[in-house]
Amino acid sequence: MNFTFSNKISSLQPSAIREILKATADPAIIPLAAGNPAPDAFPVDEVRAIAAEILEKKPIEALQYGVSEGYQPLRDTILDWTKKREGIGRNFDNIIIMSGATQVMDLVTKVLCNEGDTVICEEPSFIGSLNCFRSYGCKLKGVPVEADGIDTCALEEALKTTPNAKFIYTIPNFQNPSGATMSLEKRKKMYALAKQYGVIILEDNPYGDLRVAGEKIPTIKSMDDEGIVVYAGSFSKILSPGMRVAYCIAHKDLLAKMTVGKQAADVHTPCLNQMIVYEWFKQYDVEAHIKKIQGIYRKKLDLMCDCIDKELGDFVEYVRPEGGLFIWCKLPDNVDMLEFVKKAVDKKVAVVPGNAFLMNDTDKTQYIRLNFSTPTDEGIVNGIKALGEVAAEYRK
């Protein structure tokens, strides 16, 4: 049978990252293209004990339907946690538990955008969110990312010239893929511009707890006195991505519509998973765990940067990130980036081509994204060494 697909989906292409990850099923491939937490960052014993206790004492509550807004004890815990740590939350705000942070992007787009509306995005930006926006027929307006975050002059110009822009999408901490952290000055400027032009800010902060250097910078949501910032947080990077537990803090009127949208998608986030996260907070020292994983990633980041400096120091340019999971490397202008990526795969190393993160993935770029959290230390050393061997072919 010949299938006729909808206009919304027919133009979408498979995620370049997911396609590359298929190659990592080969155990010989070194996965510098991934973005998974390090295996030793998972609190496996704690989760195992919590799950057993829940299924012993509260099995029906864990296995039954739940409310769409989320497990109330977890909602209360997160609101208290984010208020104390980030200064997030006003009287007009509320919270909903999501099935992964990508669902925040999906529901915000669903309730705010009509087909043909524009989403202003940092460029480059996370491909999963870009494809989410595209799936609703949105146009994407890219604004360049600098070493200290989005170019606010270009952002203001984009807002001036894009009357149907519905929201600004930003990853201010250790941006994926660039690794850049937005300065406090630029966060304040973005918020002021959003107020001036009457647009929402969608602040995506999956990596904020993975800071390994520098000083913590206040969230944009902590500045929000008018309810125009939607904050997306996640437990994927500090607890488990497989459990798909995330949250959205935003104006209660917006969350009410997002709740209706969630009911049409998955009804509610799995109760057992939400209960595990709640009991993890209740029974264990979450802040101590975060410090532990920061130590893991600090070591891995240092190792990868040392290897890059040794093997590729005269070949690539990069800005050392202060946290997160990624390093954004610029190849020389005379190097064909896609050819370089293919040669890397031939050397059994997977990296992500930078064009996957652009508003138009057919545009030319010299960047590749490297991940240091997923591979073993040996994999980092051998993977960067192999990239050095590829680079040597161009040095001749």
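Just so we're clear, the structure is a prediction, and the values are computed from it rather than from any experiment. (Residues numbered from 1 in each chain as written. Predicted model: local features only at pLDDT ≥ 70, side-chain atom pairs only at ≥ 80, totals over all residues. Heavy atoms only, no water.)

Moving on to helix α11 (residues 271–283). Along its 13 residues, α11 runs 18 Å from first to last C-alpha, staying within 8% of the 18 Å computed at 1.5 Å per residue. Along α11, 10 of the 13 residues are buried, which leaves the element largely enclosed by surrounding structure. Among all positions in α11, only Cys271, Asn273, Gln274, Met275, Ile276, Val277, Tyr278, Glu279, Trp280 and Phe281 are buried. The inward-facing, buried residues of α11 abut α3 (44–57), α4 (59–63), α5 (72–86), β2 (93–98) and α12 (286–312). (Helix = DSSP H or I, 4+ residues; strand = E, 2+ residues; numbered from the N terminus. Expected span 1.5 Å × (residues − 1). Buried < 20%, exposed > 50% of the residue type's maximum accessible area, 1.4 Å probe, protein only. Contact = heavy atoms within 4.5 Å.)

Before going further, it helps to examine the nonpolar core. Ranked by internal contacts, the top residues of the largest apolar core, which has 116 residues, are Val104, Phe133, Phe235, Tyr297, Ile384 and Leu387. In terms of residue count, the dominant contributor to this core is α12 (11 residues). Ignoring sequence-local partners within four residues, the contact set of Ile384 consists of Leu32, Met304, Cys307, Ile308, Glu311, Leu312 and Leu370. In terms of nonpolar packing, the next biggest core, distinct from the first, is built from eight residues, Trp328, Ala350, Ala356 and Phe357 among them. (Core = buried A, V, L, I, M, F, W, Y, C linked by side-chain atoms within 4.5 Å.)

A separate point is unusual backbone geometry. Each neighbour pair has its own omega, and for Glu123 with Pro124 the value is 10 degrees, a cis peptide bond. Its location among the elements puts Pro124 in the loop between β3 (118–123) and α7 (127–135). That bond from Asn176 to Pro177 is cis: its omega, 20 degrees, falls within 30 degrees of zero. Secondary-structure assignment places Pro177 in the loop between β6 (165–170) and α9 (184–197). Here the phi dihedral of Phe174 falls at roughly 55 degrees; this positive angle occurs in a residue that is not glycine. The exposure class of Phe174 is buried, given its relative accessible area of 1%.

The next point concerns the pairing of strand β9 (residues 246–251). The element β9 is extensively covered by neighbouring structure, given that six of its six residues are classed as buried. Pairing geometry for β2 and β9, over six bridges, is antiparallel. When the bridges of β9 are listed, Met98 appears paired with Ala246. Direction of pairing for strand β8 (residues 229–234) relative to β9: antiparallel, over a ladder of four bridges. Among the inter-strand pairings, Ser234 is bridged to a residue of β9, identified as Ala246. (Pairing = 2+ DSSP bridges.)

Looking now at the sheet that holds β6. Strand pairing in a sheet relies on backbone hydrogen bonds, with the paired strands running either antiparallel or parallel. Spatially, eight strands are ordered β2-β9-β8-β7-β6-β3-β4-β5 in an open sheet, and the strand pairing comes out mixed. The two strands at the open ends of the sheet, each matched to only one other strand, are β2 and β5 (149–150). Its contacts with the sheet put α5 on β2 and β9, and the angle it makes with β2 is roughly 120 degrees. (Axes fitted to C-alpha atoms, helices over the stretch in contact; angles between N-to-C directions.)

Here we come to the packing of aromatic side chains. As enumerated under the stated definition, the model contains 15 aromatic pairs in all. Summarising the aromatic geometry, the rings of Trp328 and Phe357 are spaced 5.8 Å apart at their centres and angled 85 degrees between planes, so their arrangement reads as edge-to-face. With Trp328 in strand β11 (residues 326–330) and Phe357 in the loop between β13 (352–353) and β14 (367–371), this pair connects stretches of sequence that are 29 residues apart. Assigned by exposure class, Trp328 and Phe357 land together as buried. Joined through ring pairs, the aromatic side chains of Trp81, Tyr231, Phe235, Tyr247, Trp280 and Phe281 make up one cluster. (Phe/Tyr/Trp six-rings, centres within 6.5 Å; stacked < 30°, edge-to-face > 60°.)

On the surface, a nonpolar cluster with roughly 560 Å² of combined accessible area is contributed by Met1, Phe3, Phe5 and Ile9. Assignment of secondary structure puts Phe3 in the segment before α1 (7–10). (Patch = residues over 30% accessible without salt bridge, like charges linked within 9 Å, V, L, I, M, F, W, Y side chains within 5 Å. Areas by Shrake-Rupley, 256 points an atom, 1.4 Å probe, with all protein chains shown as cover. Salt bridge = Lys/Arg side-chain N within 4 Å of Asp/Glu carboxyl O.)

In this section: the packing of α12 against helix α14 (residues 377–395). Between two packed helices, the angle of one axis relative to the other and the distance separating the axes together describe the packing. In the contact formed by α12 and α14, the axes pass within 9 Å of each other and the chain directions differ by 25 degrees. As summarised for this structure, α12 and α14 are arranged roughly parallel, according to the angle between their axes. Here α12 runs over α14; the crossing is right-handed. Contact residues: α12 offers Lys299, Lys300, Leu303, Met304, Cys307, Ile308, Glu311 and Leu312, while α14 offers Asp377, Ile380, Val381, Ile384, Lys385, Leu387, Gly388, Ala391 and Arg395. (Parallel < 35°, antiparallel > 145°, perpendicular 65-115°, else oblique. Left-handed = near helix turned anticlockwise from the far one by under 90°.)

For the rest of this paragraph, the subject is the side chain of Asp204. Position of Asp204 among the secondary structure elements: in strand β7 (residues 200–204). For the buried Asp204, no salt bridge is present, and the opposite-charge side chain at shortest range is Lys237, 8.2 Å distant. Side-chain polar atoms of Asp204 contact the side chain of Tyr169, separated by 2.6 Å. Residues within four places of Asp204 in sequence aside, it is in contact with Ala101, Met105, Ser129, Tyr169, Thr170, Ile171, Pro172 and Ala232. (Lys, Arg positive; Asp, Glu negative; His and termini not counted. Polar contact = N/O pair within 3.5 Å; in protein donor to acceptor, adjacent residues only side chain to side chain.)

The element β7 is extensively covered by neighbouring structure, given that five of its five residues are classed as buried. Every second residue of β7 is oriented toward a common face, with Ile200, Leu202 and Asp204 on one face and Ile201 and Glu203 on the other, all of them buried. The pairing of β6 with β7 spans four bridges and is classified as parallel. By the bridge assignment for β7, Tyr169 is matched with Leu202. Regarding topology, α9 serves as the crossover connection from β6 to the parallel β7, and that connection is right-handed. (Right-handed = clockwise from strand over helix to strand, strands pointing away.)

Once that is clear, we can look at the sheet that holds β13. Strands sit in the order β10-β11-β14-β13 across an open sheet of four strands; the sheet is antiparallel. Each edge of the open sheet carries a strand with a single partner, namely β10 (317–318) and β13. Two strands pair when backbone bridges link them, and β10 and β11 are joined in this way by two bridges, in the antiparallel orientation. Across the sheet, the residue bridging to Tyr318 is Cys329, located in β11. On top of the sheet, α12 reaches β10, β11 and β14; it is set at about 15 degrees to β11, its chief contact.

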